[in-house]
Structures are given as structure tokens and as C-alpha cells.
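Residue-level listing of the chains:
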Amino acid sequence: MAHWMDRLASGEQFDTRQWVEILSQYQNETVREALFARARQTAQRYYGNAIYVRGLIEFTNYCKNDCFYCGIRRSNACAQRYRLTKEDILSCCEEGYALGFRTFVLQGGEDGRFTDDAICDIVSAMREGWPDCAITLSIGERSEESYRRLFAAGANRYLLRHETADPEHYARLHPQGLTLEHRKACLYALKRIGYQVGSGFMVGSPYQTLEHLAQDLQFLSQLRPHMVGIGPFIPHRDTPFKDFKAGSLEMTVYLLGILRLMLPGALLPATTALGTISPKGREMGILAGANVVMPNLSPLSVRKKYLLYDNKIATGEEAAEHLAALQRRMQAIGYTIVTDRGDCKPAAKGT
Ligand code: SAM
């Protein structure tokens, strides 16, 4: 029988038992090396040695939700709240464009102050100012009508992690009122509208089992998103999950390798959380098949306030202004940061 990596690469679907067996080998060095070599070859075939960068603008840390894992949850009275103005956001774009960014990601909590009108106004101004750039939104669950308006205003991409594909696990991570069903409905609506869609999950979130990870992979293979963001869960001291341990670096990169074979043309970031749990985390992610990094373009004055988890890296080489240093790190492992919108290659499109 063909090896599971060949079968995965040829599009075969695995059941939960098969996935659990594959996932349980995550610490086996021989398996890891074979997986990563293959994942790198696949990424090379689609993207060469290019690494795409996205300028991340964390524009509000107000949030109406109370997700148990998240440092900007509504009930965290210790969070110092802030909102950027439209002018602040546009100056981040101006700075980012000069540095070579061609994708801007507007990410924030679910902040009622940012109505459809307000976001459309910001997106239209960005579209007008930087017509050659992609605009990605990551602002949580909204109505299909709202997603349509934002798309019409000029947004191209949307990041919304499903967080976990198991409804009971979802309920252990989120308070009542937030459901997996609605999260999934949002993802399918975004796809219908025509966004390039990113989903994903935290690795090692509290109560997560290998069966849950298997369900995550099965869900992603059905959804076939254009982007998949995965990163380790990292506890935040002012949340109900403060005493849980962080997710594993090894499992996160192993999953990146698997995702590269499963969705060969997808955009896979080596996330900030991965860079936070290990100084070499992002390099390890790229060597496992990731092809995107998302340096922080938020103004320095607010960077330390968008704290989703403890010890988030905030002013080092993950910062947009230190792109040259990041470039050196990428070149040291055989890759190069390019000035490009970095759209998804056809294999992951139209599905
Ligand atoms: N509000 C938007 C949403 O829900 O999609 C975007 C912002 S939300 C803070 C972005 C992502 O941060 C979430 O999808 C979650 O996976 C991640 N995140 C939140 N808390 C985290 C933690 N403690 N450790 C790792 N990742 C975390």
C-alpha cells in the first residue's frame, strides 16, 4: 500500500482513526524529516523560494466576545483598550507600502464601533490609495450582507479561523452564544462571495485531543480554504485558561507539513505565535512548508496592547520596520522575501 504521504498528496481522504495514527507519529524524526522534505518540495513547486509578507495592522483590541483563551476578551479588565483612527491605519499602509508590503491585514476584536459604514470607509480609502495591494480583513463573525458590503468596498481576503471543528470542543473554548455552526456558516458565506478565505486553529488548545485535530484536518479538506493559519495556543495570564500549558512546537510544524501536502497551493503562514514559543519557530515553519510571514505594522504605541497571549513578540524581527533583518533570516535558510501581493496559486482556488 502506498505511503500515507503519497496518498495525502494525491487527494485521498482519511478517516479519524487513520489521522490519529498519522498524528501520533509527530515526534518520530524519520517521519518528520520525510514529511518536511516533501512539503518543501511541494511549496517550491508552487511558490519557488518566495516568502510572502503581509503587513498586519491590529486596529482595535475592543471585543464583544469572551473567548476563554484570548487576552483581548471582553472580561479582561486588565487589557488597555485602544482603537486606531482611519488616519492611523492609512499611515500604517503608507509606511508599509514604502517598505515593500503589497498586502495589508486589518485585524481586530469584534468592536461594535467599527460598523459596516466605518470599515467600508477605511477599506475604500485603502483601495483608492494603494490599488495594487490586497486587503485582508480579520474582524470576526458578521452577517453575509456585511461581508458583501466589505467585499464591494474593495476587500479581497478574509481570515477567520474555525478554531476547532468539534462542536463540543468549540463549546469548551467559547462562551454560550458562539457556535461552530455559525463560524462555519460565515466561512462558507465568505467563500461564496468570492473572498480568498483563510481558516485555521490553535494547536494544543485546552482539552484538544488528536481526534479533534483529525476533525480539523477533515474540515479543512472539505472547506479547501486559500489560506490556513495555525499556531500554538499560548496561555494569557488574565484569562480562564491561564494555567494550561502552551501547544507544542513540534506538533505545529508537523501539521504545517501535513497541510502543505493536503492543500498544495495554499498560503500557509509561519505565525507570530510560532515565533513566540521558539526563537527559530518561524524558520522551522518555513522549512516545514509554510510560505508567508506577517510582520507587525501597527504603530509602536499600541503594539504591546494587542496581547492575545503572554510574551507575544512585539518589537524584534517580526516588526515590519525590521524587514531587512527578517530577509537575512529567510535568506539564511534558502528563501527570499518578495514584494508581491502573494495571491493563492490555482490548485487551492475555485474549490
Ligand atoms: N476577532 C477576530 C477573530 O475572531 O477571528 C480576529 C482576532 S482573533 C484575536 C485572532 C486569532 O488569535 C484567533 O483566531 C485565535 O486563534 C488567536 N488567538 C487568540 N488567543 C490566543 C492564544 N491565547 N494563543 C494563541 N492564539 C490565540
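These numbers were taken from a predicted model, which means no experiment stands behind them.

Judged by pairing direction, the sheet is parallel, and its three strands sit side by side in the order 8-1-9 without closing on themselves. Unpaired on one side and paired on the other, strand 8 (292-293) and strand 9 (336-338) mark the two borders of the sheet. Judged from the two bridges that link them, strand 1 (residues 50-53) and strand 8 form a sheet pairing that is parallel. Considered in strand 8, the bridge of valine 53 is made with valine 293. Here helix 14 (residues 323-332) sits on the sheet in contact with strand 1, strand 8 and strand 9, set at roughly 135° to strand 9.

To continue, consider helix 4 (residues 86-99). If you check helix 4, its first and last C-alpha atoms are 20 Å apart, about what 14 residues at 1.5 Å a residue would give, namely 20 Å. Along helix 4, the positions that sit buried rather than exposed are Ile89, Cys92, Cys93 and Gly96. In a view along the axis of helix 4, the buried residues occupy a sector of 100°, so they form one face of it. Counted as exposed and oriented over 90 degrees from the buried face of helix 4: Glu87, Glu94 and Ala98. Those residues of helix 4 hidden inside the fold are in contact with strand 2 (55-60), strand 3 (103-108) and helix 5 (116-129). Among the residues trailing helix 4, glycine 100 stands out with phi positive, at a value near 110°.

Between helix 2 (residues 16-23) and helix 9 (residues 210-223), the shortest axis-to-axis distance is 9 Å and the interhelical angle comes to 110°. In terms of their interaxial angle, helix 2 and helix 9 are classed as roughly perpendicular. Remark: the crossing between helix 2 and helix 9 carries right-handed chirality. Packed against helix 2, whose contacting residues are Thr16, Trp19, Val20 and Leu23, the element helix 9 presents Leu210, Glu211, Leu213, Ala214, Gln215 and Leu217 at the interface. Across the contact of helix 2 with helix 9, the residue classes break down as seven nonpolar, two polar and one charged.

Here is what the cut-offs are and how they apply
Residues numbered from 1 in each chain as written. Predicted model: local features only at pLDDT ≥ 70, side-chain atom pairs only at ≥ 80, totals over all residues. Pairing = 2+ DSSP bridges. Helix = DSSP H or I, 4+ residues; strand = E, 2+ residues; numbered from the N terminus. Contact = placed C-beta atoms within 7 Å. Axes fitted to C-alpha atoms, helices over the stretch in contact; angles between N-to-C directions. Expected span 1.5 Å × (residues − 1). Buried ≥ 20, exposed ≤ 12 C-beta atoms within 10 Å, placed from the backbone. Arc of directions from axis to C-beta. Parallel < 35°, antiparallel > 145°, perpendicular 65-115°, else oblique. Left-handed = near helix turned anticlockwise from the far one by under 90°. Nonpolar A, V, L, I, M, F, W, Y, C, P; charged D, E, K, R; others polar.

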